[in-house]
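Results of the structural survey
The lines below spell out each chain.
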Amino acid sequence: MEKANIYAGQLFVLMFIFELGSALLIPLGIEAKQDVWLAIFFGMLGGLLLFFVHLRLHLYYPDKTPPEFVKELLGKFFGTVVACIYTVYFLYIAARVLRDFGEMLVTFAYNETPLFIVNALFLLTVVYGVYKGIEVIARTGELLFVILYALAIAGFVLVVVSGLIDFSYLQPVLEDGFKPVLQTVFTETWYVPFGEIIVFTMIYPYVKNKKAMKKAGIIAILLSGVNLIVTMSINIAVLGVELTARTQFPLLNTIHSIQIAEFLERLDVFFMIALIIGGFIKISLFFYAGVISVSVICNVKNKSKLVYPIGIVVLFISLTQASSYAEHMYEGITIVPLYMHLPLQVIVPVFLLIVAFIKNRHKKEQSL
Amino acid sequence: MKRVTTWISGLLLLFLAGCWSSQELPDLALISAVGMDATGDGQYAATFQVINPGNVAGEGTLSRGGSESPPVTTYSSTGPTMTEVNRRVSEKVSRRPYYAHTNLLVVGEQLAREEGLEKVFDAFERDPEFRTTTRVIIAEGTTAGEFVTALTSLDKIPANKVIKTLETTESFWGEHKDTNMREVLKHVGQSGHEPLVSIFTLHGDEEKGKKIDNIQTTSPEARLEATGMAVMQDGKMIDRISNEASRGALWVLDDIQKTAVSLDWKGQKDALVFQIVRNKTDVSVRIQDNLPVFDIQVSTEGEVGEAHVPINVSNPFLSGTVEKKSGEEIKKIIEQAVAKAQELQTDYLGFGELLHRKDPKLWRKLEKTWNEDHFPTVEVNVNADAYIRRSGLRNEPTFSEDVE
C-alpha cells in the first residue's frame, strides 16, 4: 500500500467510469432480449448489495488492504492463499479487459495492425499511470469524466435528433416471464460490471472520510446503472433486438446509424474516445489492485519496481489467454462468471464478512 | 529511470506516428455505388461505381481544362463469393477499393429473387469500412451492373441521384420507402414484419446511358426511375407492389409525409385534389375470440390543391363534406393496400410485430404460419379522418357561374 489520499468525489468518478468501462462496449445482458434494462437494473441492485458487503468488511479494518486483513482473518497460510488467488484474479481480469479493447480496436479501426502493438501501446499508458500512483489515476479520472459525460450527452442528443429511436422495440415487457431476466442477472449483469467493484476494496483505505465514501459508492453505482440502462435501451430501440444481439459492438452500430443533415455522420470517434477512457480507467484499476496485492504479499516496499514486470505479464496474458476473439468471448461468457466472478465477488467476501463478524464479536467480549 | 523514460518516449514517436497501414488519398478508389448480380451459374457479378475525383470537383465550371470525361467510372468482376468479387476487382482498378463512402447498394432482381438479400449483406455487414446506413435498392428490368453504369445529369454522381430521388419522393409523394441496410437487416431477422425495398428501373437505352452524351442533352436517353417496391419474405424478393398498393402500405407504416389524393365530386372523376401536409397513422390491435383484430386510425391534415368543379372550398360547410370524402378516399387506398398484402401472404405492414408486443402468448401460437395462414384472413378496420385547413391562394376556381 502506498501513501496516498483520495477524496470521496474522486472515488465516485473512478467507480462511475469503471462501471461503464467495458460494459458500454459489449451487448451487455442481451440474453434477456428487450428486457435487458430489467436485467441491468437487477444487476445494479445486486451490485449495491455487494458494495455493502465489501464496505462492511472494509470498515472492520479501515486502514488495511484486503491482502493484509485476510491474514488476520484466516491465519497466515490461508490468508496468503486467498490473497494470491485475488492477485491472479485482478491481473487476469486486467488482461481480459485489455484484450477486449485491443480486439475492438483491431476489429473496427486497425484491421492490419497486430493485436500485440495495440495492446502494448494501451498498456504502456496504463503502466505509466499506475507507476505514478493512485492519486494520479484519480485526478486523470476527474478530467476524463468530464470528457466522457460531454461525449455521452452529445451522442445522446444526436441519436434522439436523428429520429432513430423507436421505443416500441422494447416491448413486450417480460415476454417469457422473469426467468430469462434473472438468468441473465445471475450469469452476467450482476458480475459484469457491478460485481467487479470488488477491486475497489484495494482503494477504500486511501479514502479517509468513510461516510462520504459510502455515499459516493452508492451514487456511482446507481448513476452508472442508469446510464447503462439508457444506453442499452437506446441500442435496442435503434437496432432492434436481433441486430443488437448479432453485433459485436452495439453502441458502435447505433452511432454509425446517426445521419443528420448530410454532414453529421460517421461519428465513430465519439465511440472510440468514450471507450478508450472507460478502458483506461478499468484496466488501470485492476492492474493497480494486482500490483498492490503483489507488493503486500511479497513485502515489497517500493511498488514502482513491480509495475513494469507485472505490466509485461499482463500484456502476455492478454495475448495468450485466448487464440481468437471467439475463444475469448466463450471464456468470458461461460467460464469466467461461474468459476471466477461468482466465488470471488460474492462467496468469498460474504464468507470473510461472516468470519470478521464472529472474530470481532469475540474480541469485544474479551475486552469486556 | 529518467533515461529509460526518455528512451521509451523516443520509441513511442515511432509507433504513434499513425503510419501503420496508412492509405494515401490518391491510392484509393472511392466507390460510390455497388451493383450486385447473380450470373446464373452460381456466381456473383459486382459492378463498382468509382468516383473520378477530378471530374467531380469544381462543379459548375464545365469547361475546366477541357476535361469532358465522365464523373464516374465503373469496373466489374465476377466470382463465387462477395469477398472474392470485391477483391478480384483489383485486377482492373489501379487503386485500392475504398468502401467508406459507398452510399448505394444495388441488387439485381434475379439475385434478390433467387438468393435473397441476406447473402449479399453478410460480407458488407461484417466489413468495418462499409456502413449500414448505405441505401439498398433493387434494379428491375436490367441488371444491377447496367444500372450503376448509367450517367445522370443534375446530380453528377449517379449514386447520389438515386439517393436524393428516394429521399425526395418518399417525402413528397410516398410510394417509395427510403430504406438503408440497417432497416432491412432489422426486419429480415424478425418475424411479423417483412421489409420493403424500393425498386428502380433504367428506362431507355442502356448503351447510350453509359456515354457522356447522356448527360449533355436536356432529355437523357437513359434515366433512372423509382418504379415500385419489392415485397420480401425470408430475405428474398417474392413480388412487387406499386402505385396505390405501395402508397397504402406506407400509409399503414406511418411513412407518409406529404402526398396528394384525387377525389370525385358529384359524379365527376378526379375533380378535386386533397394535398396532404401532415399525416399520422396509428395501428392498434385488440384480441377478439382469440384472434387479433387490427384498427388503423389515420389523421391527416392538408389543403385543397386543385379544383375542377365549381365549388367554393372556403365555405366551411362544404369543406366538411370534402374532408369526409378525402377520408373515404384514403380509407379506400389503405384497404386496397391491406388486401394486396393479404393476397401476397406477406406481412410487410408490421401487424405481426404489433401483435407480438401486445400479446406475446398468442403470437407464439400464430408465429410459425403467420404469413400463410393467419395474416391473410385477419380482420382490419380502417378509419381515416382528414382535415382541410387551407385552400391555397384561391378560394373558388375560375368558372364560378354556379358556385355552390
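Everything quoted here is computed from the prediction, not taken from an experiment.

What counts and what doesn't
For every chain, the first residue of the written sequence is number 1, and numbering continues from 1 along that sequence. Whichever chain is written first is A, and whichever ligand is written first is 1; the rest continue in order. For this predicted model, a pLDDT threshold of at least 70 governs which residues receive local features, and a threshold of 80 or more governs which side-chain atom pairs are given and counted, while totals over whole chains, interfaces and linings are taken from all residues. Think of a nonpolar core as buried Ala, Val, Leu, Ile, Met, Phe, Trp, Tyr and Cys residues, each tied to the set through C-beta atoms within 7 Å. We call a residue exposed when 12 or fewer other C-beta atoms sit within 10 Å of its C-beta, buried when the count reaches 20 or more, and partly exposed for counts in between; the C-beta positions come from the backbone. Counting from the N terminus, the helices are DSSP H or I runs at least four residues long and the strands are E runs at least two residues long. Marked domain ranges trace back to an automatic or database domain assignment. Contact criterion: two residues are in contact if their C-beta atoms, reconstructed from the backbone, are within 7 Å. The criterion for strand pairing is that DSSP finds at least two bridges linking the strands in question. A fitted line through C-alpha atoms represents every axis, and for helices the fit uses only the stretch in contact; the resulting angles, taken between N-to-C directions, go from 0 to 180 degrees. Gly falls in the polar group here, along with every residue not listed as nonpolar (Ala, Val, Leu, Ile, Met, Phe, Trp, Tyr, Cys, Pro) or charged (Asp, Glu, Lys, Arg). Multiply 1.5 Å by the residue count of a helix minus one, and that product is the helix's expected span.

All right, on to the nonpolar core then. Ala94 of chain A together with Val106, Val107 and Ile334 of chain B are the most contacted members of the largest nonpolar core, which totals 211 residues. If one sorts the elements of this core by residue count, helix H10 (residues 268-297) of chain A sits on top with 16 residues. When residues of this core are assigned to domains, at least three fall in each of domain 1 (23-241) and domain 2 (245-390) of chain B. In this structure, Ile334 of chain B is in contact with Gly248, Trp251, Val252, Ile296, Val298, Val382 and Ala384 of chain B, ignoring residues within four places of it in sequence.

A separate point is the sheet that holds strand E10 (residues 259-265) of chain B. Within a beta sheet, neighbouring strands are joined by backbone hydrogen bonds and run either parallel or antiparallel to one another. All names here are of chain B. An order of E10-E11-E12-E13 is seen for the four strands of this open sheet, with the pairing classed as mixed. Taken across any chain shown, the strands that pair with only one partner, and hence form the sheet edges, are E10 and strand E13 (379-390). Sheet twist, expressed as the mean angle between neighbouring strand axes with direction ignored, is 40°. In terms of strand pairing, strand E11 (residues 268-288) meets strand E12 (residues 291-307) through 16 bridges, oriented antiparallel. Note that in E12 the partner of Thr281 across the bridge is Val298. Together, E10, E11 and E12 form the strand contacts of helix H10 (residues 243-252), whose direction differs from that of E11 by roughly 50°. Of the strands in this sheet, E10, E11, E12 and E13 touch helix H11 (residues 316-344), which is tilted by about 145° from E13.

It is worth spelling out the environment of Val313 of chain A at this point. All names here are of chain A. In this structure, Val313 sits in helix H11 (residues 304-320). Val313 sits in the partly exposed class, given 15 other C-beta atoms within 10 Å. For the pair Val313 and His54, spaced 259 residues apart in the sequence, the C-alpha separation amounts to 28 Å.

Attention now moves to the interface of chain B and chain A. You'll often see interface size given as the accessible area lost when the parts meet. With 15 residues of chain B in contact, the opposing surface of chain A contributes 21 residues. Elements supplying a minimum of two residues to the side of chain B that touches chain A: helix H8 (181-188) and helix H12 (351-358) of chain B. Looking at which element gives the most residues to the side of chain B that touches chain A, the answer is H8 of chain B, with three residues. For the side of chain B that touches chain A, the residue count by class is five nonpolar, six polar and four charged.

With that settled, consider the environment of Leu111 of chain B. All names here are of chain B. Structurally, Leu111 is set in helix H4 (residues 109-114). Given 25 C-beta atoms within 10 Å, Leu111 falls into the buried group. Leu111 sits 107 residues away from Thr218 along the chain, and the two C-alpha atoms are 34 Å apart. Not counting residues within four places of it along the chain, the set of residues in contact with Leu111 comprises Met36, Asp37, Ala38 and Val120.

Right, let's talk about helix H1 (residues 8-20) of chain A for a bit. Residues and elements named next belong to chain A. For H1, which comprises 13 residues, the first-to-last C-alpha distance of 19 Å matches the rise-based estimate of 18 Å (1.5 Å per residue) to within 8%. For H1, the buried fraction is high: 12 of the 13 residues fall into the buried class. Among the residues making up H1, those that are buried are Ala8, Gln10, Leu11, Phe12, Val13, Leu14, Met15, Phe16, Ile17, Phe18, Glu19 and Leu20. Where the residues of H1 are buried, they touch helix H6 (134-161), helix H8 (210-246) and H10.

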